[in-house]
Amino acid sequence: MGSHELDAALVTQVSFCSAGNPFAVTEYIRTMLDEGLLKFSWGKWSVDSEALESLHLPTDVIQLVLKRLTKLSNETLAALTVAALVGNKINVKELAAVLETKLHELHLALNTAYDAGLIERVSFDSYHFIHDTVREALVGRLNENERNSLHQKIALALDQVLEGMENSGENNLIYSIAYHYSQGTTESTLSRAYETNLIAGQISASRFANFEAFGFLQKAVEFEGRLKVAPKALL
């Protein structure tokens with residue numbers, strides 16, 4: 001809105017709904033623009049107060065994000081949902097491997113999310129979510145079984161990506177793979193879940209990342225127990 005003057009009613013409404021949260025302010029302003037409630041005239045932004053009252057803006061910003069998500073295509077929503085489980089950063093090539101889709105199709109889907117103000121472009125093959133609230137809204141749409149299933153799918157896909165890399169045993173991707181196996185392991189992948197968490201724990205320990213090492217090795221012990229194998233020295 002630049003340096004233009006703002007209508008007092010607009011400032012009051014946005015301040016009340018957002019509680020001063022910068023991300024929430026952006027979301028409420030965007031919603032008002034999308035709904036055609038804001039008008040610019042004679043160097044001043046004003047709001048249609050009657051229409052604003054009928055809109056019933058929620059005080060929970062996640063509800064606003066969810067409303068925007070419903071306007072996305074199924075392809076874009078599916079891509080963002082998987083990306084949200086992976087993390088804040090979006091690696092297009094890795095995400096394409098998980099979704100088993102072509103790169104140009106995924107770029108089109110992500111461009112839609114970019115235009116909607118949900119993600120920002122870092123480079124040609126990389127994006128990140130504009131705020132953790134967007135990720136929370138996406139993940140919150142899933143039930144426990146759906147989350148576990150997607151974590152399993154992500155782990156398997158990234159594992160295949162890792163196999164094609166040189167020096168795969170030292171690659172940082174092993175951390176992500178171990179994490180996703182931990183979140184969505186089935187009986188068929190227990191062995192690999194054990195192996196990846198063991199490797200991730202050992203690498204973390206060698207880098208003196210003791211807290212992370214403990215977490216991975218603890219998971220390795222858990223999976224080892226489920227495999228009913230003889231105890232092994234983890235370090």
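Keep in mind the model is a prediction, meaning the values are calculated, not measured. (Residues numbered from 1 in each chain as written. Predicted model: local features only at pLDDT ≥ 70, side-chain atom pairs only at ≥ 80, totals over all residues. Heavy atoms only, no water.)

Student: Now, about the overall build of the protein: what can you tell me, with residues and values included?
Tutor: Regarding its fold elements, the protein presents twelve helices and six strands. Buried positions account for 38% of the 235 residues belonging to the protein. A fraction of 61% describes how many contacts in the protein between residues 6 or more apart in sequence connect residues 24 or more apart. For the protein, the exposed surface amounts to about 13200 Å²; the carbon and sulfur share of it is 52%. (Helix = DSSP H or I, 4+ residues; strand = E, 2+ residues; numbered from the N terminus. Buried < 20%, exposed > 50% of the residue type's maximum accessible area, 1.4 Å probe, protein only. Contact = heavy atoms within 4.5 Å. Areas by Shrake-Rupley, 256 points an atom, 1.4 Å probe, with all protein chains shown as cover.)

Student: Describe unusual backbone geometry, and please don't skip the residues or the numbers.
Tutor: With a phi close to 55 degrees, E100 is a non-glycine residue in the positive phi region. Relative to the assigned elements, E100 resides in the loop between α6 (92-99) and α7 (103-115).

Student: Give a detailed account of the layout of surface pockets, specifying residues and quantitative values.
Tutor: For the largest pocket, the calculated volume is near 250 Å³. Residue lining of the largest pocket: 15 residues in total, with V86, K89, N91, E94 and S176 positioned closest to the centre. Every element with two or more residues in the lining of the largest pocket is listed here: α5 (74-86), β4 (89-91), α6, α9 (144-163) and α10 (173-184). In terms of residue class, the lining of the largest pocket is made up of eight nonpolar, five polar and two charged. (1 Å grid on protein atoms, 1.4 Å probe; cavity = no way out; pocket = protein on both sides within 12 Å on 5 of 7 lines; lining within 4 Å. Points joined across faces, edges and corners; volume = space filled by probe spheres on them. Nonpolar A, V, L, I, M, F, W, Y, C, P; charged D, E, K, R; others polar.)

Student: Would you mind going over the nonpolar core in detail, with residue names and values included?
Tutor: Core analysis: the largest hydrophobic core is formed by 49 residues, its most contacted members being L69, L80, I90, L110, I119, F129 and L138. No other element matches the seven residues that α5 contributes to this core. Discounting residues that sit within four places of it in the chain, L138 has contacts with L69, L77, L80, T81, A84 and F129. (Core = buried A, V, L, I, M, F, W, Y, C linked by side-chain atoms within 4.5 Å.)

Student: An account of helix α4 (residues 61-69) is needed here, citing residue identities and associated values.
Tutor: Within α4, burial applies to V61, L64, V65, R68 and L69. Down the axis of α4, the sector holding all buried residues measures 145 degrees, keeping them to one side. In this structure, the buried residues of α4 make contact with α2 (22-34), α5 and α8 (132-140). (Arc of directions from axis to C-beta.)

Student: For the pairing of strand β6 (residues 126-129), give the residues involved together with the corresponding values.
Tutor: The side-chain alternation of β6 yields one buried face, formed by Y127 and F129, and one unburied face, formed by S126 and H128. Inspection of the sheet shows β4 paired to β6 by three bridges, in the antiparallel sense. Pairing of N91 across the sheet is with S126, part of β6. With four bridges connecting them, strand β5 (residues 119-123) and β6 associate as antiparallel partners. Residue pairing in the sheet places S123 in a bridge with S126 of β6. (Pairing = 2+ DSSP bridges.)

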